[in-house]
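# Understanding the architecture of this molecule
Chain by chain, the residues run as shown.
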Amino acid sequence: MKLEKAASQLEALGNPTRLSVYRILVQAGEEGIPVGKIQEKLDIPASTLSHHCKRLIDAGLCTQERQSTTLICRANYPSMTALIGYLADECCADSTCAPTGSAAKEVA
């Protein structure tokens with residue numbers, strides 16, 4: 001992944017509402033979630049949600065698909081994995097890492 005793409009994706013996730021939308025999409029799994037359900041969960045106007053979804057789509061973090069009259073949103077998992085990998089690829093390359101994840105909880 002190139003620096004510019006990672007920066008664009010992180011910028012898109014830097015907005016609290018967009019981050020909330022993205023977390024909902026990730027939690028929904030591969031089947032995705034109707035846009036109306038996202039709107040209900042976040043209690044935001046449809047136009048606001050549309051704007052935030054467009055930013056996530058433009059950043060390559062999610063996709064939308066129309067199924068009859070329903071618009072389904074899905075997280076783009078390969079893109080998410082690539083971004084996480086980009087952030088972690090050189091973790092502690094110049095030093096020793098502290099424990100992360102479950103190992104860090106055991107230490108704490």
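Here the structure is shown first, and the text comes after it.
Conventions adopted
Residues numbered from 1 in each chain as written. Predicted model: local features only at pLDDT ≥ 70, side-chain atom pairs only at ≥ 80, totals over all residues. Heavy atoms only, no water. Core = buried A, V, L, I, M, F, W, Y, C linked by side-chain atoms within 4.5 Å. Buried < 20%, exposed > 50% of the residue type's maximum accessible area, 1.4 Å probe, protein only. Helix = DSSP H or I, 4+ residues; strand = E, 2+ residues; numbered from the N terminus. Contact = heavy atoms within 4.5 Å. Salt bridge = Lys/Arg side-chain N within 4 Å of Asp/Glu carboxyl O. Axes fitted to C-alpha atoms, helices over the stretch in contact; angles between N-to-C directions. Parallel < 35°, antiparallel > 145°, perpendicular 65-115°, else oblique. Nonpolar A, V, L, I, M, F, W, Y, C, P; charged D, E, K, R; others polar. Pairing = 2+ DSSP bridges.

So, about the nonpolar core. Val21, Tyr22, Leu25, Ile38, Leu49, Leu56 and Leu61 are the most contacted members of the largest nonpolar core, which has 23 residues in total. Where this core is concerned, the elements lending two or more residues are helix 1 (3-13), helix 2 (16-28), helix 3 (35-42), helix 4 (46-58), strand 3 (70-75) and helix 5 (77-88). Sort the elements by how many residues they give to this core and helix 2 lands first, with five residues. In this view, leucine 56 contacts Ala12, Leu13, Arg18, Val21, Tyr22, Leu61 and Cys62; residues no more than four positions away in its chain are not counted.

So, about the pattern of salt bridges. By the definition in use, this model includes two salt bridges. Of the charged contacts in the structure, one is a salt bridge between lysine 54 and aspartate 58, with a shortest N-O distance of 2.8 Å. Here the residue lysine 54 and the residue aspartate 58 both occupy positions in helix 4, the gap between them amounting to four residues, near one helical turn. Accessibility expressed as a relative area gives 48% for lysine 54, which makes it partly exposed. A salt bridge links glutamate 65 to arginine 74, with the nearest nitrogen and oxygen atoms 2.7 Å apart.

Its place among the elements puts serine 79 in helix 5. Accessibility expressed as a relative area gives 9% for serine 79, which makes it buried. Residues contacting serine 79, with those up to four places away along its chain left out, are Met1, Gln9, Gly60 and Leu61.

Here leucine 71 shows up in strand 3. Residue classification places leucine 71 among the partly exposed positions, given a relative accessible area of 24%. Put simply, leucine 71 and glycine 32 are 39 residues apart on the chain and 9.8 Å apart in space, counted from C-alpha to C-alpha. Apart from the residues lying within four places of it in its own chain, the contact partners of leucine 71 are Ile33, Pro34, Val35, Gln64, Glu65 and Arg66.

So, on to the packing of helix 2 against helix 4. The packing of two helices is summarised by the inter-axis angle and the distance between the axes. Interaxial distance between helix 2 and helix 4 falls to 10 Å at its minimum, and their mutual angle equals 75°. Taken together, the axis directions place helix 2 and helix 4 in an arrangement best described as roughly perpendicular. For the pair helix 2 and helix 4, contact is made by Thr17, Arg18, Val21 and Tyr22 and by Leu49, His51, His52, Cys53, Arg55 and Leu56, respectively. Grouping the constituent residues of the contact of helix 2 with helix 4 by class yields five nonpolar, three polar and two charged.

Another point: the sheet that holds strand 2 (residues 62-67). As summarised here, the arrangement of the three strands in space is 1-3-2, forming an open sheet in which the pairing is antiparallel. Edge positions in the sheet fall to strand 1 (33-34) and strand 2, since each of these pairs with one other strand and no more. Pairing geometry for strand 1 and strand 3, over two bridges, is antiparallel. Along strand 3, the bridge assignment pairs isoleucine 33 with cysteine 73. Helix-sheet contacts for helix 2 involve strand 1, strand 2 and strand 3, and the interaxial angle to strand 3 is about 90°.

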